[in-house]
Amino acid sequence: MSDDYRPDPDALLAAISRAEASPTRGRLKVFLGMSAGVGKTYAMLEAAQKAKRDGRDVVIGYVESHGRKETDALTEGLPAIPRRIIEHGGVTLSEMDLDAVLARRPELALVDEFAHSNAPGSRHPKRWQDVAEILAAGIDVFTTLNVQHIESRTDTVRQITGSTIYETVPDRVLDGAEIELVDLPPEELMKRLATGKVYQGERAEAALFNFFREGNLTALREIALRYAAGRVGRDVQDYLQAMQIEGPWKTGDRLLVAVSASPLSAQLIRWTRRMADSLHTEWLAVHVESARNAVGPAPAQLTKNLALARELGAEVVTTADEEFSRGLLRVARQHNVTQIVVGKPGGTWFAQWRGMRRLQRLLRHSGSVDILVVRADELPATSGEPEAGGRPVASQPVAFERDVDRSKAEQYGTAIGIIAAVSFANALLAPLLGYRTVALTYLFSVVGLAMFLGRGPILLAAALSALLWNFFFLPPRYTLYINNVEDGLMFGLYFVVAAVLGQLVAKVRGQELANRRREERATALYLLTRNLADTASTDEVVRTVVKQIGEVFHARSALLPTEGQDRLEGKPHPASTLVISEKEHGVAAWAHNHGQAAGRFTDNLPLAEALHLPLRAGGRPLGVLSVQLDTQSSPSLDQRDLLEAFARQTALMLDRERLRDSEQSSRLIAESERLGKTLLNSISHELRTPLAAITSATSGLRQAGPLTPVQVVLAGEIAEASDRLNRLVRNLLDVARLEAGHLQAHLDWCDPADLCQVALKNVQSQLAGRPLTVNAPAGLPLVKADFVLLEQALGNLLANVAVHTPPGTPVELTARLGGKELLIEVADHGPGLAAEDLPRVFEKFYRAGSAKAGGTGLGLSIVKGFVEANGGRVEAANRPGGGAIFTIRLPVGDAPSLPAELA
Amino acid sequence: MSDSVPSAAKPLVLVIDDEPQIRRLLTLTLEANGYRVVTAERGQEGLVLAAQQTPALILLDLGLPDLPGTEILRRLREWTAVPVIILSVLDDETGKIAALDAGADDYVTKPFNSGELLARIRVALRHAEKKSEPPVFHTGHLVVDLASRRVTSGGQEVSLTATEYNLLRLFVRHAGKVLTHRQILREVWGPNAETQTHYLRVYLARLREKLERDPSQPELFVTEAGVGYRLVPVPEPV
């Protein structure tokens, strides 16, 4: 039962990602108003002043005060980034300087008028895209927005005001934003207007839409309030779910909207987005491609509709099926859709009848899926919508097939021409063959035409040929009158057969075309994958991709690889066929750094010459694929898809090559390490075995029995010399180990007191005759270190003292706690270190100028290496009272816990 | 003095080392101190000799060319408990620990002093002969009465916690032998504590504090750097 109250993991994630998004991504705050003149900019500046008082670094990216004194006064004390001046067609425009804002890196940037369209030649067509980039750089943004500019509300606004809004902001960019409603009762606004408090610029903007009518304002205010309230409700629901408070849980709904080439689809899409918003669910936009709509170019409106859906946050799916309802339901099942949104059939009686049939079929097979039928108004304004945002995806696409480019008029012309020609031929043949046989030539020509033309022209050809046959050949000739029943039947049958046959052939051909188009895509991808599978190096991958793009798209292309971790290389790969200018490289670098397509036919820096697709695998940038398409118009959805598939495939292959390279180099390193280790081990063995023999023999000699005094001295000399040699060998091998990087510290808990005691014991003989002060109390915290390495480091420090200070001078060894570090100090009363030696004593083979003969200058460098391998540091200094002091500093972590004492 | 001992009573030591010079020296030293010696150059040969001659003790070099030391130990331990002392080079703590955990009794680091080697051999042989633990253990000023669980240091009774006493008893049972960290942790704290070295560091410091004459210069509980600890049997002070 507790399962019922389990918080939805998605909701938890959403709440977490919202909370976590703050340190990396900047936070967006939107001051939302119902119309111009309500005081959004004023409210934003007030909030900015407060933020500044709170000590935040606030700058003005772009603020339009419309010359209002109160507003200007509020900008005081806020540094403003100078605007960028753009000359365009003789007009001087000033825009926000995006790069300057990014370079300035404030904590908070103020950017007025979120929905503004940038001047041509700017990096992004829209200001909200600039803001998105600022946010991505980790900078918070305050901005202002009127409710009519929110994409999903434009329909409603249009219905109220009768004007179409072109400057829109996609709902998804507002998804993570904090919304602050700037509200003003309409009477107040009207009053402000009357007393001249709404200034020229705003008045012009608003007047365009006839906004300043009280009825309008009341409606707009309601939309704004509802939007803001909906947003608050949504945040509350996220919280409720995350906190596991019982409430109206997410129902698991998923919406699907059917998208066609109709301009009415856009309304359905917006409607579904609002619905999905209020249900707080995901939604899909699905287009079913059938043979009928596959003939001819993909209509611009369809591309536009799908782009709109994507922009509003839908997952866009395109599927191919002859049967609209079957395709739709298949996608619905695959994606666990619970509700399907379709448009209410409308238009001509034929369109209505067809729509009803589709709907019936959909209802019959929908099973557990709900079908929502939504009315969409006839709307001439959107179909004739100008290229408001310069959105290139919406312009006329080109299809793969050349022959389907033929225009409708051309097709009808061909149909009429051919039928006319056949009629003429029949006129010649009729006397020889009889009037019934010529019907067959007509039929033949209609079927023949069906091989090349669409359905409309075929229907025309069938009708026309039937009429012509009747008029010119059926007796009585030159009338439409038919004499006998037999001929009448013939005429009727002829028309039906011609029409049906023609339609059938056209349909079959249409299917074949659609198949061929799909097949071409599949083949192109297959060829690429197959060719790439054979490649054995990065160079070959690039060569193959560039060649394949040239063949499939008739385009030149270049590949810019990523250099090091995340910088784009300056020069394209030598196999590239496209020359990358400095400007293009800038665009490519942008695409690379942001992981988004940029350049021509995109929303990012669209004035570039080439299209730049970032190559990524596993979230790691691998480079940029730059393609310069020959066409002036933007590529079709198909082509774009295919190009992106190419880019993905290329990224995968580059990643494979990268992995292969790194695997190879790591194998090489491992091999050389193994060799080095073997060598070191055998040298160690060869040097030590004779030493072991000498030591053992000497000790045996001393033990063996009564020696003469001279023999005792000699044996002692041998023992001392072999000790010294042994130490040297040990130091040399240690240095070799350090150099080769074979040193591995086995970190474990060590007792500092124990460490000092063992080190002292090992150098006892060398320190003989010196007063020794040891201050290493038990109870010092344990440190994580390699006991052997550290003990040897300490031993070397002590031995160093023994070599470099006069015999008999005292030595002090102290271990103590200093902050979060354990300090082990070796202090002597020798001459100390010369100033020029101080920084260099730990260098390999460095010997102080005053050093006596003997010694290799290795001891201290080993100390440094060993201590650092334990995560510590070692320092040398002179003591104020004379003598040198060496300090080993080790980090002290949290004390490990001990088990409870056994009873 | 060795001459007076009848040859059959002399303990037989098997030396397995691939260096002829070390074999010669060891033979000389051992024979001079009352042992009989057989030598083997290879691990395989050593295993055969161990089976045929049943030596009282084996000196095993860890760096043999044909078989790794741990492998030889594993095969030996399949059938015999004969004490094995490892001859190892410096800086090979991992190898020493592996050999000790595989059943070696002790180790000597090359280059070794012959006095030290002979001492280790005597301890190992004594442990091997010992049938049962003597109820009372003496070392230096320390007296441990295992029967009555009484511990005195310099005549003063010392009170130990249960864990401290368990630790001390383990050392006493293996007096003179090196014990690896892992062996001690397993015996005293159980197999789950084998990597909790800090238990050992803390408790050893406590034992030294309570039992050593000068805890800052321990004589009884000696640290074997990187390997473990050893309780040194010290002759009783006069």
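Shown above is the structure to which this text applies.
Everything quoted here is computed from the prediction, not taken from an experiment. (Residues numbered from 1 in each chain as written. Chains lettered and ligands numbered in written order. Predicted model: local features only at pLDDT ≥ 70, side-chain atom pairs only at ≥ 80, totals over all residues. Heavy atoms only, no water.)

### A word on the overall build of chain A
Argument step 1. Check the secondary structure of chain A and you find 26 helices and 24 strands.
Argument step 2. Here chain A, with 903 residues, has 46% of them falling under the buried criterion.
Argument step 3. Across chain A, contacts joining residues at least 24 apart in sequence account for 72% of those joining residues at least 6 apart.
Argument step 4. Accessible surface for chain A amounts to roughly 44000 Å². Of this, 57% is attributable to carbon and sulfur atoms. (Helix = DSSP H or I, 4+ residues; strand = E, 2+ residues; numbered from the N terminus. Buried < 20%, exposed > 50% of the residue type's maximum accessible area, 1.4 Å probe, protein only. Contact = heavy atoms within 4.5 Å. Areas by Shrake-Rupley, 256 points an atom, 1.4 Å probe, with all protein chains shown as cover.)

### Considerations on the pairing of strand E2 (residues 58-62) of chain A
All names here are of chain A.
Argument step 1. Across the 5 residues of E2, 5 count as buried, placing the element largely inside the fold.
Argument step 2. In this sheet, strand E5 (residues 108-111) lies alongside E2 in parallel orientation, the contact comprising 4 bridges. By the bridge assignment, Val-58 is partnered in E5 with Leu-108. (Pairing = 2+ DSSP bridges.)

### What about the pairing of strand E8 (residues 150-153) of chain B?
Residues and elements named next belong to chain B.
Argument step 1. Two strands pair when backbone bridges link them, and strand E7 (residues 142-145) and E8 are joined in this way by 4 bridges, in the antiparallel orientation. Residue pairing across strands places Leu-142 opposite Ser-153, the latter belonging to E8.
Argument step 2. Linking two consecutive strands that pair antiparallel, namely E7 and E8, is a turn of 4 residues; a positive phi of about 55° is found at Arg-149 within it.
Argument step 3. Bridge count between E8 and strand E9 (residues 156-158): 3 bridges; the pairing is antiparallel. Bridging across to E9, Thr-152 finds its partner in Glu-157.

### A few points about the environment of Pro-120 of chain A
Argument step 1. For Pro-120 of chain A, the position within the fold is in the loop between E5 and helix H5 (127-136).
Argument step 2. Considered as a pair, Pro-120 of chain A and Pro-606 of chain A are 486 residues apart in the sequence and their alpha carbons are 9.5 Å apart.

### Quick notes on the sheet that holds E2 of chain A
Paired through their backbone hydrogen bonds, the strands of a sheet run either parallel or antiparallel.
All names here are of chain A.
Argument step 1. Spatially, 5 strands are ordered E2-E5-E6-E1-E7 in an open sheet, and the strand pairing comes out parallel. On the outer flanks of this sheet lie E2 and strand E7 (178-182), each paired with one strand and no other. Across this sheet, the average inter-strand angle for adjacent strands is 25°, counted without regard to direction.
Argument step 2. Strands strand E1 (28-33), E2, E5, strand E6 (140-146) and E7 of the sheet are contacted by helix H2 (residues 40-53), whose axis makes an angle of about 165° with E6. (Axes fitted to C-alpha atoms, helices over the stretch in contact; angles between N-to-C directions.)

### Considerations on the packing of helix H1 (residues 20-32) of chain B against helix H5 (residues 114-129) of chain B
All names here are of chain B.
Argument step 1. Across the interface, H1 lies against H5 with an axial gap of 11 Å and an inter-helix angle of 65°. With respect to the hand of their crossing, H1 and H5 are arranged in right-handed fashion. The residues of H5 that touch H1, namely those facing Leu-26, Thr-29 and Leu-30, are Ser-114, Leu-117, Leu-118 and Ile-121.
Argument step 2. Looking at the contact of H1 with H5 residue by residue, the classes come out as 5 nonpolar, 2 polar and no charged. (Left-handed = near helix turned anticlockwise from the far one by under 90°. Nonpolar A, V, L, I, M, F, W, Y, C, P; charged D, E, K, R; others polar.)

### Quick look at the packing of aromatic side chains
Argument step 1. Scanning the model with the defined rule gives 14 aromatic pairs over all chains in all.
Argument step 2. Ring geometry for Phe-31 of chain A and Phe-142 of chain A: centres 5.6 Å apart, planes at 70°, overall edge-to-face. Residue Phe-31 of chain A is located in strand E1, and its partner Phe-142 of chain A is located in strand E6; the two are separated by 111 residues in the primary sequence. Summarising the burial analysis for this pair, Phe-31 of chain A and Phe-142 of chain A share the class buried.
Argument step 3. Lying over the aromatic face of Phe-324 of chain A, Arg-358 of chain A brings its terminal NZ or CZ to 4.3 Å of the ring centre.
Argument step 4. In this structure, Arg-206 of chain B packs its charged tip against the face of Tyr-203 of chain B, placed 4.7 Å from the ring centre. (Phe/Tyr/Trp six-rings, centres within 6.5 Å; stacked < 30°, edge-to-face > 60°. Lys NZ or Arg CZ within 6 Å of the ring centre and 35° of its normal.)

### Quick notes on the nonpolar core
One broad rule of soluble globular proteins: the nonpolar side chains tend to lie buried together.
Argument step 1. Ranked by size, the top nonpolar core spans 56 residues in total, and within it Leu-28, Leu-110, Phe-114, Ile-134, Leu-145, Val-169 and Leu-174 of chain A carry the most contacts.
Argument step 2. Beyond its immediate chain neighbours, meaning those up to four positions away, Val-169 of chain A contacts Phe-114, Ala-115, Trp-128, Leu-145, His-149, Ile-150, Glu-151 and Leu-174 of chain A.
Argument step 3. Judged by nonpolar contacts, the second largest core, of 48 residues, contains Leu-813, Ile-862 and Val-863 of chain A together with Ala-225 of chain B. (Core = buried A, V, L, I, M, F, W, Y, C linked by side-chain atoms within 4.5 Å.)

### Thoughts on the sheet that holds strand E10 (residues 178-180) of chain B
All names here are of chain B.
Argument step 1. Here 3 strands make up an open sheet; going across it, the order is E10-E12-E11 and the pairing antiparallel. Pairing within the sheet leaves two strands with one partner each, and these edge strands are E10 and strand E11 (221-224). Strand-to-strand twist across the sheet, computed as the mean angle between neighbouring axes with direction ignored, equals 30°.
Argument step 2. Bridge count between E11 and strand E12 (residues 228-231): 4 bridges; the pairing is antiparallel. From the neighbouring strand, Val-222 faces E12, where its bridge partner is Arg-230.

### Focus on the interface of chain A and chain B
Bring the parts together and some accessible area is lost; that lost area is often taken as the interface size.
Argument step 1. If you look at the interface, chain A gives 38 residues, while chain B gives 41 residues.
Argument step 2. There are 1 salt bridge connecting chain A and chain B.
Argument step 3. Here Arg-208 of chain B makes a salt bridge to Asp-754 of chain A, at a shortest N to O gap of 2.9 Å.
Argument step 4. Taken together, the connections running from chain A to chain B amount to 7 residue pairs in polar contact (both at pLDDT 80 or more).
Argument step 5. Where the side of chain A that touches chain B is concerned, the elements lending two or more residues are helix H22 (637-704), helix H23 (709-740), strand E18 (748-750), helix H24 (752-762) and helix H25 (787-804) of chain A. (Salt bridge = Lys/Arg side-chain N within 4 Å of Asp/Glu carboxyl O. Polar contact = N/O pair within 3.5 Å; in protein donor to acceptor, adjacent residues only side chain to side chain.)

### Considerations on the pattern of salt bridges
Residues and elements named next belong to chain A.
Argument step 1. For the structure shown, the criterion picks out 46 salt bridges over all chains.
Argument step 2. Across the pair Asp-99 and Arg-123 runs a salt bridge, and its minimum N-O distance is 2.2 Å. Remark: Arg-123 occurs in the loop between E5 and H5 and Asp-99 occurs in helix H4 (residues 98-104); sequence separation between them is 24 residues.
Argument step 3. Take Asp-99: its relative accessible area is 45%, and that puts it in the partly exposed class.

Any functional reading would require information that these geometric values do not contain.
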